[in-house]
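# Structural description and commentary
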Amino acid sequence: MAVQSADQPDASVAVASGDVIRPRQTKTARRGRQRLLRFGAQLLATVIILGLWQLLSGRVIASFLISNPVDVIKKLVDILQTQTMWSDISVTAQELVIGYAIGVAGGALVGWALGASEFFGSVCEPLINAINGIPKIALAPVFLLWFGLGIWSKVAQAAMVVFFVMFYNIYMGMRNVPQPLVNVIRVMGGSRLYIIRKVVFPSLATSIFAGLKAGVPFAMIGVIVGEFVAADQGVGYYVLEATQQYDPAGLFAGIAIMVAMVLFGLGIVNLFQRRVLKWQEN
Amino acid sequence: MSVRETVTTAAVAISNVSHSFRTPAGTTMTALEDVSVSVAENEFFTVVGPTGCGKSTLLNIAAGLITPASGTVTMAKQGPSGPVKPTIGYITQDSNLLPWCTVIENIMVGLEARGVQKAERKPRAADWASRVGLAKFENHYPRQLSGGMQKRCSIARTMVYEPDIVFMDEPFSALDAITKSVLQKVFLELHDQSLKTIIFITHDLNEAIALSDRVAVMTGRPGRVKTVVDIPFARPRDVYHITRATGFQDLHDQLWSHLELDLDLR
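Residues numbered from 1 in each chain as written. Chains lettered and ligands numbered in written order. Predicted model: local features only at pLDDT ≥ 70, side-chain atom pairs only at ≥ 80, totals over all residues.

Along the backbone of chain A there are 12 helices and zero strands. Helices and strands appear in chain A in the N-to-C order α-α-α-α-α-α-α-α-α-α-α-α. In terms of overall size, chain A is more extended than a compact globule, its C-alpha atoms giving a radius of gyration of 27 Å where 282 residues would be expected to give roughly 19 Å. For the C-alpha atoms alone, the extent of chain A along its principal axes is close to 90 × 70 × 30 Å. By the burial criterion, 32% of the 282 residues in chain A qualify as buried. Within chain A, contacts between residues at least 6 apart in sequence are counted, and of these 75% link residues at least 24 apart. (Helix = DSSP H or I, 4+ residues; strand = E, 2+ residues; numbered from the N terminus. Rg over C-alpha atoms; globule rule 2.2 N^0.38 Å. Buried ≥ 20, exposed ≤ 12 C-beta atoms within 10 Å, placed from the backbone. Contact = placed C-beta atoms within 7 Å.)

Spelled out as structure tokens, the structure:
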């Protein structure tokens, strides 16, 4: 009884002041623990998927259809030591970067122009929608004809796909530029250029990054389609070769390299985003 | 509309302004009809009226953001040698701060936009941050501030470039009663320190009487100026206790009697 009554005041303090009474240091510690937990769960999920793949291969599904993780990793290690794979990667990377850059720049520019002018926007939007309606993969032979067997037909294919992703993001984003903020700076006497720099551009940042992010995997689709149609170099070309030679491990190893390249590209965009959108952080 | 600089004693002269809008249904709605108002230099002029009477439209026309269908707005300021073009400030109900800029950066926007020397911007902005009580929050982003603090920041951002005429569209109406009184006091003190011409919109009669030199009452749609009432209280005023001043209730009744005829929903 004596112990309980000594505890009593403490309990009432805790109730009255709510969570203020909690020790301070736990916040970062808790966040760190959460991150560790999340990483562990992700690792576990990956191991389970790869384990299932390994188990099913050769038992339920023929291994020449799906290979297995062990073989794929072996193959990956193997081909990454060859000169040819690195030149394939560099060719695909070139096509990817150039195509992406052209698509992003073009889409942003046209999106900005049509978003800024209501008249041109209403004139051109249906036109652009129609062009976007073309299944762009169907244009691969056309690009081959126009730009030849080298990297430029793949660059064109990637740029074409990325263009529309970027265009729609910027075009829609231009409508969400907050007019009251523009008015406030106009009244202050700010120039057009100053308004663009201080209001239009920052309010477009979210749309720009949405386009930049969505564009990376789309650029890869464009490049690989181009390489599938006609190429003598590149990761897409390697995957096609592996398939034709009944080398499923090579096929999946090639796909793994493509995924790694896309993730690497997204990583760069994320890094950039974290710097620019610092004001959105907590 | 022509915004001319002419020789006149009025800082802002609004003459015979009418304006209408196209409604979504395709009809035309007259927002303002033949409004004429003349505001003297350094005068605190308030417009009250029922919702939808075109107060904000009138303010936007006066500030040059909307071109009226007819009528003119003339702004002038007496310079050392004749009238010069005045600089204007605009404070709205929403604080409209740039969410991607910190408090100090937001205050500097007003200086940057006007092309003030870089070396001069920071100290002037910091001075104003402390004058509105935000010295400790210079590096906070707007979303980290309370509504009242955001309003302080938006006042500082406007006052920092020392506009001759300040247009205020219900600046305090979204704030809670206590914050509102505090900011009215802060703003009146700033106004007493350096007189500006102020055109103020509100639907709060107490606020109108507490702050203004003259109050114009507008009718319901289409908006017209019904009457202009002088507020004779001496400055500096005690905003917190002004409702107890002799004559306050009479002024309130007088304004209310002009307003209430227009309050029935039509």
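There's more to say after this.
Let's shift gears to the interface of chain A and chain B. On the side of chain B, 18 residues touch chain A, which itself brings 14 residues to the contact. Put simply, the parts of the chain that give the side of chain A that touches chain B at least two residues each are helix 9 (179-188) and helix 10 (192-229) of chain A. Looking at which element gives the most residues to the side of chain A that touches chain B, the answer is helix 9 of chain A, with seven residues. Residues belonging to the side of chain A that touches chain B are distributed by class as follows: 10 nonpolar, three polar and one charged. (Nonpolar A, V, L, I, M, F, W, Y, C, P; charged D, E, K, R; others polar.)

Right, let's get into the domain arrangement of chain B. Residue and element names in this part refer to chain B. Structurally, chain B comprises domain 1 (1-86 + 165-266) and domain 2 (93-163). Each of domain 1 and domain 2 has a C-alpha centre, and the two are 25 Å apart. Taken residue by residue, the interface counts 14 residues in domain 1 and 10 residues in domain 2. For the side of domain 1 that touches domain 2, the secondary structure elements donating two or more residues are strand 8 (165-169) and helix 5 (177-193). With five residues, helix 5 is the single largest residue contributor to the side of domain 1 that touches domain 2. Across the side of domain 1 that touches domain 2, the residue classes break down as nine nonpolar, two polar and three charged. (Domains from an automatic or database assignment.)

Turning next to the confidence of the model for chain B. All names here are of chain B. Looking at chain B as a whole, its pLDDT mean stands at 83, while 93% of the residues score no less than 70. By mean pLDDT, the top-scoring element of chain B is strand 3 (residues 44-48) (91), and the lowest-scoring one is strand 6 (residues 82-84) (69). Scored below 50 in pLDDT, residues 1-8 makes 22 contacts in the model with residues more than four places away or belonging to other chains. (pLDDT = per-residue confidence, 0-100.)

It is worth spelling out the domain arrangement of chain A at this point. Each assigned domain of chain A is listed with its residue range as follows: domain 1 (25-57) and domain 2 (69-280). Computed over C-alpha atoms only, the centres of domain 1 of chain A and domain 2 of chain A are separated by 30 Å.

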